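Survey of secondary and tertiary structure
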Amino acid sequence: MKALVYRGPKKKEWIEKDKPKIEKPTDAIVKIMKTTICGTDLHILSGDVPTVTEGRTLGHEGVGIVEEVGSGVNNFKPGDKVLLSCVTSCGRCDYCKKQMYAHCEDGGWILGHLIDGTQAEYVRIPYADTSMYHIPDGADEEALVMLSDILPTGFEIGVINGEVKPGSVVAIVGAGPVGISALLTAQLYSPAEIIMIDLDESRLELAKKFGATKTVNSSKGDAVEGVMSLTNGEGVDVAIEAVGFPVTFDICQHILKPGGRLANIGVHGKPVELHLEQLWIRNVKITTGLVSTYTTPMLLKTVQSDKIKPAELITHRFPLEEIMQAYEVFGNAAKEKALKVILYND
């Protein structure tokens, strides 16, 4: 089969590789029908995730068709269409019992990280019964790819951790796929304002289409000053960091009102400067996290009812064999006006 593999920082290759096989009774082998590229994949290629070793097949999102299951798999059979979770859950360890699937003692985020991932024609899914979801008849499979990772990430690590409430004033720094996912899901809680901050005017215009009430273009002036002017100098109740750079984290910590919450989603490869000398007296809360995907069943129903339309995040489509070109487009998102790409394996 063909697969996209990591060859070290700034290096990747589309190669012929052995098709995965059942290794444990709880495994399933899935033929990938649709997958995508994530900002985390770009962080890996930048060398920010040293636990990814050379030769690893990248990717942790997708939908597919079950080709084979191990003897211990009870909920799925060959031919089933499935949504793959970016997080693998054994369903039995202490962390899984707390719904902290990201920290599963024999799973967590391993796809495209510690084991071969989904940017390939086939993938092995450990603990298939608790790491895949049946796709309802008639569902938009492209939309469901967004439920593998970015939609639950924006919701759980941004909106829920940030405690967005009716009437909240929310700022989201970063209008990329995860930031837009936080924007979409924040609206489930009826905030009074959602301010989107980004360098790219085209992404800010798209954010308005998705429900942002105000925008700040940080390439045209000081973002902190921009937010403070929009909030009468008060700041925001919730600041969601959805980029993963020191400068974007810094914006968040300077726009919080007393009692505010800073919910960090971004994957950080470098240290940030925490201004605790200013924050300690302001009763703020800072949260971080890796998505556990415990909200996926609820989000699946929400997408099926058209309350959220994640398919609108898709801007580009490529055959799977053109994944190298897709990476070029996604890696130059501002120039290409790319938000989310779909790779299809028909």
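Everything quoted here is computed from the prediction, not taken from an experiment.

1. Remarks on the overall build of the protein
Helices and strands together make up the secondary structure of the protein, namely 13 helices and 15 strands. Computed over its C-alpha atoms, the radius of gyration of the protein comes to 20 Å, within 12% of the 20 Å expected for a compact globule of 346 residues. Once the C-alpha set of the protein is aligned to its principal axes, its extents read approximately 60 × 40 × 40 Å. Within the protein, the 45 negative side-chain charges are centred at a point lying 1 Å from the centre of the 36 positive side-chain charges.

2. Remarks on the packing of helix α5 (residues 150-160) against helix α6 (residues 177-186)
Contact pair α5 / α6: the axes reach a minimum separation of 8 Å and the direction vectors enclose 70°. As summarised for this structure, α5 and α6 are arranged roughly perpendicular, according to the angle between their axes. For the pair α5 and α6, the crossing hand works out as right-handed. Contacts between α5 and α6 involve I150, L151, T153, G154, F155 and V159 from the former and P177, V178, S181, A182, L184, T185 and A186 from the latter.

3. Things to note about the pairing of strand β15 (residues 340-344)
Judged by how many residues are buried, β15 sits mostly within the fold: four of five residues are covered. Where strand β14 (residues 314-319) meets β15, five bridges bridge the pair, whose relative direction is parallel. Bridged to H316 within β15 is V341.

4. Some details on the pattern of salt bridges
Under the counting rule described, the total for this entry stands at 17 salt bridges. The shortest N-O distance in the salt bridge between K340 and E61 comes to 3.6 Å. Of this pair, K340 sits in strand β15 while E61 sits in the loop between α1 (39-45) and β4 (62-69), placing them 279 residues apart in sequence. Summarising the burial analysis for this pair, K340 and E61 share the class buried. Each of K17, R56 and D116 takes part in one network of salt bridges that share partners.

5. So, unusual backbone geometry
In this structure, N232 is a non-glycine residue whose phi angle is positive, near 55°. In this structure N232 comes out as exposed when scored by relative accessible area, which is 73%. Even without being glycine, K337 reaches a positive phi, approximately 55°. Of the residues examined, K337 reaches a relative accessible area of 57% and is grouped as exposed.

6. A few points about the packing of aromatic side chains
Applying the stated criterion across every chain yields a total of one aromatic pair. Measuring from centroid to centroid gives 6.2 Å for F155 and Y189, while their planes differ by 35°, and the two rings are tilted. Of this pair, F155 sits in helix α5 while Y189 sits in the loop between α6 and β9 (193-198); the two residues are 34 residues apart in sequence, bridging distant segments of the chain.

7. Things to note about the sheet that holds strand β11 (residues 236-241)
Strand order across the open sheet formed by six strands is β10-β9-β8-β11-β12-β13, with parallel pairing between neighbours. Either end of the sheet is taken by a strand with one partner, and the two such strands are β10 (214-217) and β13 (285-287). Neighbour-to-neighbour, the strand axes of this sheet turn through a mean angle of 15°, independent of strand direction.

8. Here we look at a nonpolar patch on the surface
Together, L274, L276, W280, I281 and I286 give the surface a local cluster of nonpolar side chains, amounting to about 530 Å² of exposed area. On the accessibility criterion, I281 (56% relative accessible area) is exposed.

9. Points about the packing of α5 against helix α11 (residues 296-304)
The description of two packed helices rests on the angle between their axes and on the distance between the axes. Between α5 and α11, the shortest axis-to-axis distance is 10 Å and the interhelical angle comes to 115°. Between α5 and α11, the angle falls in the class roughly perpendicular. The crossing of α5 and α11 is right-handed. Contacts from L151, P152 and F155 of α5 reach α11 at T296, M298, L299 and V303. Here the residues of the contact of α5 with α11 are counted per class, giving six nonpolar, one polar and no charged.

10. Quick word on the pairing of β9
Most of β9 is tucked away: five of the six residues are buried. Two elements, strand β8 (residues 169-173) and β9, share five bridges in a ladder whose sense is parallel. Across the sheet, residue A171 finds its bridge partner in β9, namely I195. Taken together, β8, α6 and β9 form a β-α-β motif whose crossover is right-handed. Handedness of the β-α-β unit built from β9, helix α7 (residues 201-210) and β10 comes out right-handed.

Reading the values: the criteria
Residues numbered from 1 in each chain as written. Predicted model: local features only at pLDDT ≥ 70, side-chain atom pairs only at ≥ 80, totals over all residues. Heavy atoms only, no water. Helix = DSSP H or I, 4+ residues; strand = E, 2+ residues; numbered from the N terminus. Rg over C-alpha atoms; globule rule 2.2 N^0.38 Å. Lys, Arg positive; Asp, Glu negative; His and termini not counted. Charge placed at Lys NZ, Arg CZ, Asp CG, Glu CD. Axes fitted to C-alpha atoms, helices over the stretch in contact; angles between N-to-C directions. Parallel < 35°, antiparallel > 145°, perpendicular 65-115°, else oblique. Left-handed = near helix turned anticlockwise from the far one by under 90°. Contact = heavy atoms within 4.5 Å. Buried < 20%, exposed > 50% of the residue type's maximum accessible area, 1.4 Å probe, protein only. Pairing = 2+ DSSP bridges. Salt bridge = Lys/Arg side-chain N within 4 Å of Asp/Glu carboxyl O. Phe/Tyr/Trp six-rings, centres within 6.5 Å; stacked < 30°, edge-to-face > 60°. Patch = residues over 30% accessible without salt bridge, like charges linked within 9 Å, V, L, I, M, F, W, Y side chains within 5 Å. Areas by Shrake-Rupley, 256 points an atom, 1.4 Å probe, with all protein chains shown as cover. Nonpolar A, V, L, I, M, F, W, Y, C, P; charged D, E, K, R; others polar. Right-handed = clockwise from strand over helix to strand, strands pointing away.

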